[in-house]
Amino acid sequence: MEATAKATYIRISPRKVKIVLDLIRGKSIDEALAIVKFTNKSACEPIEKLLKSALANAENNFNMSRSDLYVAECFACPGPIMKRIRPRAQGRAFRIDKRTSHITVVLKEQE
């Protein structure tokens, strides 16, 4: 049995999100929440919200015990890229890619 939570179109690069997800993969839910709370990265805010959502799904929808839960899977996939133009010298224009992420967290119970 597993509980999942997904956050789509998050306005942060998947590369930056994966740094934080690598820290919490395989950890218990309480340890993962503590790591995310005290890590100084911009990706921590949406990931903390997502972990709490997955925890609520596990407790309310599947009657799982909080003490047995751990982060079984967590990954970030690239979403659509918003393309913006930055004016440069001599009439040129450079493109700025504003990347988005789809983040997924899967919680399972330890046996």
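Along every chain, residues carry numbers that run from 1 in the direction the sequence is written. Under the rules for a predicted model, residues below a pLDDT of 70 receive no local features and side-chain atom pairs below 80 are neither given nor counted, while totals for whole chains, interfaces and linings still include all residues. Hydrogens and water molecules were not included; the side-chain quantities draw on all heavy atoms of the structure.

Comments concerning the overall build of the protein chain
Quick note on the threshold: Secondary structure follows DSSP: runs of H or I at least 4 residues long count as helices, runs of E at least 2 residues long count as strands, and numbering of each begins at the N terminus. Each radius of gyration is computed over the set of C-alpha atoms, and the globule rule expresses the reference value as 2.2 Å times the number of residues to the power 0.38. Burial status follows relative accessibility: with a 1.4 Å probe on protein chains alone, a residue under 20% of its type maximum counts as buried, one over 50% as exposed, and anything between as partly exposed. Note on contacts: a residue pair qualifies if any of its non-hydrogen atoms lie within 4.5 Å across the two residues.
Per the secondary structure count, the protein chain includes three helices and five strands. Listing the helices and strands of the protein chain from first to last along the sequence gives β-α-α-α-β-β-β-β. For the protein chain, whose C-alpha radius of gyration is 17 Å, the value lies well above the compact-globule estimate of 13 Å for 111 residues. Expressed along its principal axes, the backbone C-alpha trace of the protein chain runs to roughly 65 × 25 × 15 Å. The 111 residues of the protein chain split such that 32% are buried. Across the protein chain, contacts joining residues at least 24 apart in sequence account for 71% of those joining residues at least 6 apart.

Topic: helix α2 (residues 29-38)
Going by this rule: Starting at the helix axis, one direction is taken to each C-beta atom, and the arc is that of these directions.
Ile 29, Ala 32, Leu 33 and Val 36 are the residues of α2 that are buried. With its buried residues spanning 100 degrees around the axis, α2 presents them on a single face. Among the structural elements, α1 (14-24), α3 (44-62), β2 (69-78) and β5 (101-109) are those in contact with the buried residues of α2.

Points about the nonpolar core
Worth spelling out the cut-off: The criterion is simple. A nonpolar core is a set of buried Ala, Val, Leu, Ile, Met, Phe, Trp, Tyr and Cys residues joined through side-chain atoms within 4.5 Å.
Core analysis: the largest hydrophobic core is formed by 28 residues, its most contacted members being Val 17, Leu 21, Ile 24, Ile 47, Leu 51, Val 105 and Leu 107. Mapped by element, the contributors of at least two residues to this core are β1 (2-10), α1, α2, α3, β2 and β5. Counting residues per element, this core draws most heavily on α3, which supplies seven residues. Contacts of Ile 47, omitting those with residues within four sequence positions, involve Val 17, Val 20, Leu 21, Ile 24 and Val 36.

Topic: unusual backbone geometry
Peptide bonds are mostly trans, and most non-glycine residues show a negative phi. A positive phi angle, near 50 degrees, is found at Asn 63, a position not held by glycine. Positionally, Asn 63 belongs in the loop between α3 and β2. Here the phi dihedral of Gln 90 falls at roughly 60 degrees; this positive angle occurs in a residue that is not glycine. As for its placement among the helices and strands, Gln 90 is situated in the loop between β3 (82-87) and β4 (93-98). On the basis of relative accessibility, which here comes to 71%, the residue Gln 90 falls in the exposed class.

A word on α1
Those residues of α1 that sit buried are Pro 14, Val 17, Val 20, Leu 21 and Ile 24. In a view along the axis of α1, the buried residues occupy a sector of 125 degrees, so they form one face of it. Immediately beyond the C-terminal end of α1, within one or two residues, lies Gly 26, with a positive phi of roughly 85 degrees.

Re a positive patch on the surface
Let me state the cut-off plainly: What makes a patch is a set of residues exposed beyond 30% relative accessible area and free of salt bridges, joined within 9 Å when like-charged and within 5 Å when nonpolar (Val, Leu, Ile, Met, Phe, Trp, Tyr). Here the open area of atoms and residues is found with the Shrake-Rupley method and a 1.4 Å probe, where only the protein chains shown may cover a residue. Salt bridges are defined by distance alone: a side-chain nitrogen of Lys or Arg within 4 Å of a carboxyl oxygen of Asp or Glu. Counted as positive: Lys and Arg. Counted as negative: Asp and Glu, with His and the chain ends omitted from the count. Here the site of a charge means NZ on Lys, CZ on Arg, CG on Asp, or CD on Glu.
A surface patch of positive charge is lined by Arg 11, Lys 16, Lys 41, Arg 84 and Lys 98. Relative to the assigned elements, Lys 16 resides in helix α1.

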